[in-house]
Amino acid sequence: METGIIGLPLSGKTTIFNALTGLSAETSSYSGGKKQLNISEVTVPDERVDKLTELFKPKKKIYATLLVKDIPVAFDTQRGILPSSLGEIRNSDTITIVLRAFEDRSIPHPLGEVNPARDFDKIIESLIFSDYEVVEKRLSRLQREGKKNDREYHILEKIRNKLESGEVAGPDFLNDDELKVISGFRFLTIKPLLVVANLGEDKIELKELKDKTSELGLSLFPIRGEIEMEISQLPPEDQKDFLSDLGIEEPALKRFLREVYKTLNLISFFTVGEDEVRAWSITRGSTAQKAAGRIHTDLEKGFIRAEVIRWDELLELGGIHEAKKAGKVSVEGKEYIVRDGDVIVVRFNI
Ligand SMILES: Nc1nc2c(ncn2[C@@H]2O[C@H](COP(=O)(O)OP(=O)(O)O)[C@@H](O)[C@H]2O)c(=O)[nH]1
Ligand SMILES: [Mg+2]
């Protein structure tokens, strides 16, 4: 799982990256300052993993992870974010758009006034422009090769029409089959988007931005960038008090991860044993066979059956063997739809 952070220069991308990861990557208060790619893998806290670990006492305890990338973007006031600098996020599963929603006279805004709704439009335009280039190039190539009747051509045309209307397609625009055909292009405008408003001390008007995001079915995620970054760098036991002083219940990362899971429609399943207890994230609605493939491609190919038990029942009964005796382990075929909280043992033959 991976999310790439983008936004205008000086919007607080690196600050948000730090707030989420607890790191202290260098921020900059002037355009043309430090431009480097920051990457961090954060673990997804999950008390179910902790409890299963207490029961199985495995050698390793492994949480699901999220890779967070802070991309140095090249920005031009006329053209927006340059497509060349967006290549780095084509592999991301989601894009996190950071919008400046703090006032600070000492930090220039590349477009003058602070106006997150305008910035949001700019960024969406940049994503659209970047994908449009890719679509056009491919379409004219297919045309040259006389492949106008190919399925790929029709799907790309559908995307082009959408982009021409000035809209992002979003993850529900194409069905799974169509997505497979064009997956190689890694379009930015069909990725789920997460919109972060980087708030400062002063209240600023967010109504226009909220209208825009909700029109696209996106939720707006507020972070008090600078101060939450400082808090994330404190020892965990001190963080809670500082946050509650601000009226914030949980650290930025925890709130953010929930939003990522929601946006990507993810659930967690678990594998247990003496070697490791491990959480895996997978799209809601996935089959047992696909879940097996998350663990290892061999398990997907040679899938025979899955033995499934709810994590809390397993905990209560005290082990797989006991759960089997109690008749709580169900035997499921490859089409079984995995539920959040399932513990799965995959039987396979390769
Ligand atoms: N006052 C204030 N300054 C902020 C806030 N978030 C970021 N900054 C400052 O804005 C500048 C740009 O931040 P940075 O994270 O480097 O932006 P980036 O260019 O988008 O990565 C830095 O000087 C930050 O300290 C905030 O919430 N309030
Ligand atoms: Mg930066």
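Residues numbered from 1 in each chain as written. Chains lettered and ligands numbered in written order. Predicted model: local features only at pLDDT ≥ 70, side-chain atom pairs only at ≥ 80, totals over all residues. Heavy atoms only, no water.

## Quick notes on the side chain of threonine 213
- If you trace the backbone, threonine 213 turns up in helix α6 (residues 207–215).
- We classify threonine 213 as buried; its relative accessible area is 2%.
- In this structure threonine 213 touches Phe120, Val195, Leu218 and Leu220, once residues within four positions along its chain are discounted. (Helix = DSSP H or I, 4+ residues; strand = E, 2+ residues; numbered from the N terminus. Buried < 20%, exposed > 50% of the residue type's maximum accessible area, 1.4 Å probe, protein only. Contact = heavy atoms within 4.5 Å.)

## Concerning the side chain of aspartate 119
- With respect to the helices, strands and loops of the structure, aspartate 119 is situated in helix α3 (residues 116–144).
- Residues in contact with aspartate 119, not counting those within four places in the same chain, are Leu8, Leu99, His109 and Leu111.

## Some details on the sheet that holds strand β8 (residues 193–199)
- The six strands are arranged β2-β4-β1-β7-β8-β9 in an open sheet whose pairing can be described as mixed. Only two strands of the sheet have a single partner each, and these edge strands are β2 (38–43) and β9 (220–223). Neighbour-to-neighbour, the strand axes of the sheet open up by a mean angle of 25°, direction not taken into account.
- Relative to strand β4 (residues 65–70), strand β1 (residues 2–7) runs parallel, the two being bridged by four bridges. (Pairing = 2+ DSSP bridges. Axes fitted to C-alpha atoms, helices over the stretch in contact; angles between N-to-C directions.)

## Considerations on the environment of proline 236
- For proline 236, the location among the structural elements is in helix α8 (residues 236–245).
- Note on proline 236: relative accessible area 64%, which makes it exposed.
- Taking the C-alpha atoms as reference points, proline 236 and glycine 247, separated by 11 residues in sequence, lie 17 Å from one another.

## Digging into the packing of helix α1 (residues 13–21) against helix α7 (residues 225–232)
- Remark: α1 packs on α7, axes separated minimally by 8 Å, with the N-to-C direction vectors making an angle of 35°. The handedness of the crossing between α1 and α7 is left-handed. Residues Thr15, Ile16, Asn18 and Ala19 of α1 form the contact with α7, whose own contacting residues are Gly225, Glu226, Glu228, Met229 and Ser232.
- Classifying every residue of the contact of α1 with α7 by side-chain character gives three nonpolar, four polar and two charged. (Left-handed = near helix turned anticlockwise from the far one by under 90°. Nonpolar A, V, L, I, M, F, W, Y, C, P; charged D, E, K, R; others polar.)

## Considerations on unusual backbone geometry
- Positive phi outside glycine occurs at arginine 186, with the angle close to 50°.
- Mapped onto the secondary structure, arginine 186 falls in the loop between α5 (176–182) and β8.

## Description of the nonpolar core
- One finds Ile6, Ile95, Ile97, Phe120, Leu127, Ile159 and Ile182 to be the most contacted residues of the largest nonpolar core, which totals 42 residues.
- Contributions of two or more residues to this core are made by β7 (94–101), α3, α4 (151–164) and β8.
- Ranked by residues supplied to this core, first place goes to α3 with nine residues.
- Ignoring sequence-local partners within four residues, the contact set of isoleucine 97 consists of Ile6, Phe120, Ile123, Ile124, Leu127, Leu193, Leu194, Val195 and Val196. (Core = buried A, V, L, I, M, F, W, Y, C linked by side-chain atoms within 4.5 Å.)

## Overview of the pairing of β8
- The element β8 is largely enclosed, with a buried count of six among its seven residues.
- Judged from the seven bridges that link them, β7 and β8 form a sheet pairing that is parallel. When the bridges of β8 are listed, alanine 101 appears paired with leucine 199.
- Where β8 lies against β9, four bridges are found, and the strand directions are parallel. Counterpart to alanine 197 in the pairing with β9 is proline 222.
- As a crossover connection, the stretch from β8 through α6 into β9 is right-handed. (Right-handed = clockwise from strand over helix to strand, strands pointing away.)

## Observations regarding the packing of aromatic side chains
- In total, this model carries three aromatic pairs according to the counting rule given.
- An angle of 25° between the planes, with centres 5.5 Å apart, marks the rings of phenylalanine 185 and phenylalanine 187 as stacked.
- Phenylalanine 187 gets classed as buried once you look at its relative accessible area, which sits at 2%.
- Here the guanidinium or amino end of lysine 158 rests over the ring plane of phenylalanine 173, the centre of that ring lying 5.4 Å away.
- For the cation-ring pair, arginine 278 lies above tryptophan 280, with the distance from its terminal atom to the ring centre recorded as 4.0 Å. (Phe/Tyr/Trp six-rings, centres within 6.5 Å; stacked < 30°, edge-to-face > 60°. Lys NZ or Arg CZ within 6 Å of the ring centre and 35° of its normal.)

## Quick word on the domain arrangement of the protein
- Taken as a whole, the protein is organised into domain 1 (2–45 + 65–263) and domain 2 (285–348).
- Put simply, the middle of domain 1 and the middle of domain 2, counted by C-alpha atoms, are 35 Å apart. (Domains from an automatic or database assignment.)

## Description of a negative patch on the surface
- Together, Glu237, Asp238, Asp241 and Asp245 line one region of the surface with negative charge.
- Looking at the element boundaries, glutamate 237 is found in helix α8.
- Overall, glutamate 237 belongs to the exposed group, its relative accessible area being 61%. (Patch = residues over 30% accessible without salt bridge, like charges linked within 9 Å, V, L, I, M, F, W, Y side chains within 5 Å. Areas by Shrake-Rupley, 256 points an atom, 1.4 Å probe, with all protein chains shown as cover. Salt bridge = Lys/Arg side-chain N within 4 Å of Asp/Glu carboxyl O. Lys, Arg positive; Asp, Glu negative; His and termini not counted. Charge placed at Lys NZ, Arg CZ, Asp CG, Glu CD.)

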